[in-house]
Amino acid sequence: MTEGVVYDLGYRRHEGERMGRAAATRALYRDGLRRVLGLRRRARAKVLPWSLLAVAVLPASGFIGLAVFTRDLGIQGVEFFSHAQYFDLTGVIALLFVAIAAGELLVPDRAHGVLQVYASRPLTAGDYLLGRAAGLATVVFGFMELPHLVLFLGRGPGSPDGFGSYAAANAGILWQTSLSCLGYLAALAPPALLFAAYARRPALASGPFVGVMLLLSLATRALVEQGDLRVFALFDLRQHPAVVKDWIMGNPGRWGEYGRAGFGPWVSLLVIGLVALTAAYLLVRRYRRPA
Amino acid sequence: MSAVAAPDSPSPAWAPQPTIEVRAVSKWFGQKVAVSDLTCAFGAGVTGLLGPNGAGKTTLLRMLVGLLSPSDGAVAVLGRDPRRNPAVYRSLAMVPEEDAVYGFQTARQFVRYAATLSGVGTGAVQHAIAAVALEDAADRPISGFSKGMRQRAKVAAALVLDTPVLVLDEPLNGTDPVQRAHLIAAFRRLGAEGRTVVVSSHILAEVERMADRVLAMVDGKLAAAGDVAAIRRAMTDIPFRVRLETDDPHRLAAALVGSAAVTSVAVQGRGLTVETADPAGLGRAVAPLARSLGLRLSLFEPEDLSLESVFRYLVRGR
């Protein structure tokens, strides 16, 4: 006769240590990374972030290939894109990427009613926002810096003095690109998160954010061209990280209407800081009563 | 913390050695009073929180777990204010009424994430999933789940935290009878382990099956507290109804009409329904009476000792 068995389906006691807010914030951070990149999700969720990443990185790879090709043809010193110029390309894609990522991070928590689950965990609203913002910052920083790493590493082997000499001589560019990435991050991520905090669907966060940023650019250009309305140049929020980047990379004078309006990088830094602080304040207010 | 003290005399609304204390709590949203001057406490075991829609159950539960602040009064969980006190949540788990799940995650991912968020590790994930009988579907996306399966995923995400206090808002919604029986058994087991389990429900039969104690809310106020039979006994203004069956109900009815214990008698088919203020006295009197009349008494059954009857009396006229 077969022996029977009754399994105890009662749940097992947790005997170990209970971690606190830091562990919960780290869990949110890791979840944010996975969510933005579509990891552990269906292929559809991966399409947008990875396509944008490919669009950002592929030109760098192409330039490296072209540089190698021209060198093989005996043409030395051809540099198709400088790091500073490459930011002008990735800056537009970064705007789109940040908009999508911010919506993907914050909107489902509210739309699926999961905020109340977070609110009944050992987390404060600040911890929640910190975890989510850190996830966004990591991914966006990686997104913007990766093409520069590709450029840097790709140019090294083609250098006449060898990779070691090239890397030693040009290591400073990595600090410059990193700082520039942080500038873009500080300028774009807080307002993108703010839009996402009020949207009911991810697309309703990213679309309006991109639209407002582009409209601000167009509107400020039109107003600044009027001559007496130079102060409106400050409202072109997309321009500020580019100004700071050019300043960091020693490439001034390419500031368009903003430069012609007589503003410099310190003003841009101030505006970025003000916008970021205001957005952070509004975000905390928004999430103080998550239920 | 409010200065409102626990009731001086023992009160059925105030559990002994409480883990959750609600002292003179009111909550209003604009002009609407959702909870009005409620004082009660919850302790070890399963407490059922009953009430019709709009009675204030969910508002009360949200205050218990710190998702809402009381407009007046105070709530304490294990002696601490749950509002803005993340440390309390190491001892507290909640299953909200709303879905509160990510459709793009699998049930296992969701439960695992809940565990990591509360810093308890993922060792108990499989047990929590098994406790709600969701093993077969654990690796499917929640977006494809039925309402009952989503409910069970939420319950598993609370169970995995292994907390001494569990607050469950309508956890049986959408579950089928087998799943309900499974969940009820799980809640009873948790209560028997000495945990404080607070379950709100409008499904009376299930509350009756799982709760050691019932708090009934009507219009934001506490309408009754205690075990069901005690609540019914306390309703002295409403006579008890007892169903009797005999081979000649008319003769028995005629004899009962003269009894002091009987308020009214109605004959229906082979039986009769007797209203009495003293069902025990009626029980003692009716058998000798039937015997003296030469009648065979085949049924003596109280009709309104069920939670449903009690609840119906509580909300009548509202």
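The structure displayed is predicted, hence computed values, not measured ones.

A.B. asks: Help me understand unusual backbone geometry in this model?
C.D. replies: The bulk of non-glycine residues show a negative phi, and the bulk of peptide bonds are trans. Residues and elements named next belong to chain B. With phi around 45°, Q17 is a residue other than glycine that occupies positive phi space. Positionally, Q17 belongs in the segment before β1 (20-29). With phi around 50°, L78 is a residue other than glycine that occupies positive phi space. Along the chain, L78 turns up in the loop between β4 (72-77) and β5 (92-95).

A.B. asks: I would appreciate a short explanation of the sheet that holds strand β12 (residues 271-276) of chain B in the present structure.
C.D. replies: Two pairing modes exist for strands in a sheet, parallel and antiparallel, and in both the strands are linked by backbone hydrogen bonds. Residues and elements named next belong to chain B. One open sheet accounts for four strands, arranged β11-β12-β10-β13; its pairing is antiparallel. Two strands close off the open sheet at either side, each with one partner strand: β11 (262-268) and β13 (297-302). When strand polarity is set aside, the average angle formed by the axes of neighbouring strands in this sheet is 20°. Two elements, strand β10 (residues 240-246) and β13, share five bridges in a ladder whose sense is antiparallel. Bridge assignment links R243 to a residue of β13, and that residue is E301. Sheet contacts for helix α8 (residues 249-257): β10, β11 and β12; angle to β11, the most-contacted strand, approximately 170°.

A.B. asks: Is there a simple way to explain the interface of chain B and chain A in this structure?
C.D. replies: Accessible area lost during the coming together of the parts is what is often quoted as the interface size. Taken residue by residue, the interface counts 34 residues in chain B and 31 residues in chain A. Looking at the side of chain B that touches chain A, the elements with two or more residues in it are β5, α2 (107-117) and α3 (125-131) of chain B. In terms of residue class, the side of chain B that touches chain A is built from 21 nonpolar, seven polar and six charged.

A.B. asks: I keep staring at the domain arrangement of chain B and nothing clicks. Help me out?
C.D. replies: By the assigned domains, chain B splits into domain 1 (46-54 + 89-233) and domain 2 (236-315). Just the C-alpha atoms count here: the centres of domain 1 of chain B and domain 2 of chain B sit 39 Å apart.

A.B. asks: Is there a simple way to think about the nonpolar core in this case?
C.D. replies: What tends to happen in soluble globular proteins is that the nonpolar side chains get buried as a cluster. If you look at the biggest cluster of nonpolar residues, it comprises 139 residues, and the most contacted ones within it are A102 of chain A together with V111, A156 and V160 of chain B. Those residues in contact with V111 of chain B, other than ones at most four positions away along the chain, are V125, A128, I129, A153, A156, A157 and V160 of chain B. Membership of the second largest hydrophobic core comes to 11 residues, among which are A60, A67, A242 and V244 of chain A.

A.B. asks: When you look at the confidence of the model for chain A in this model, what are you seeing that I'm missing?
C.D. replies: Low-pLDDT stretches of the model should not have their predicted coordinates read in fine detail. Put simply, chain A has an average pLDDT of 84, and 85% of its residues get 70 or more. Looking across chain A, the model is least confident in helix α10 (residues 256-260) of chain A, with a mean pLDDT of 61, and most confident in helix α7 (residues 172-198) of chain A, with 95.

A.B. asks: What exactly am I supposed to notice about the environment of A211 of chain B here?
C.D. replies: Residues and elements named next belong to chain B. By the secondary structure assignment, A211 is in the loop between α6 (204-210) and β8 (213-218). In sequence terms A211 and V46 are 165 residues apart; their C-alpha atoms lie 4.8 Å from each other. The residues contacting A211, other than those within four sequence positions of it, are V46, T47, G48 and V199.

Thresholds, definitions, all that
Residues numbered from 1 in each chain as written. Chains lettered and ligands numbered in written order. Predicted model: local features only at pLDDT ≥ 70, side-chain atom pairs only at ≥ 80, totals over all residues. Helix = DSSP H or I, 4+ residues; strand = E, 2+ residues; numbered from the N terminus. Pairing = 2+ DSSP bridges. Axes fitted to C-alpha atoms, helices over the stretch in contact; angles between N-to-C directions. Contact = placed C-beta atoms within 7 Å. Nonpolar A, V, L, I, M, F, W, Y, C, P; charged D, E, K, R; others polar. Domains from an automatic or database assignment. Core = buried A, V, L, I, M, F, W, Y, C linked by C-beta atoms within 7 Å. Buried ≥ 20, exposed ≤ 12 C-beta atoms within 10 Å, placed from the backbone. pLDDT = per-residue confidence, 0-100.

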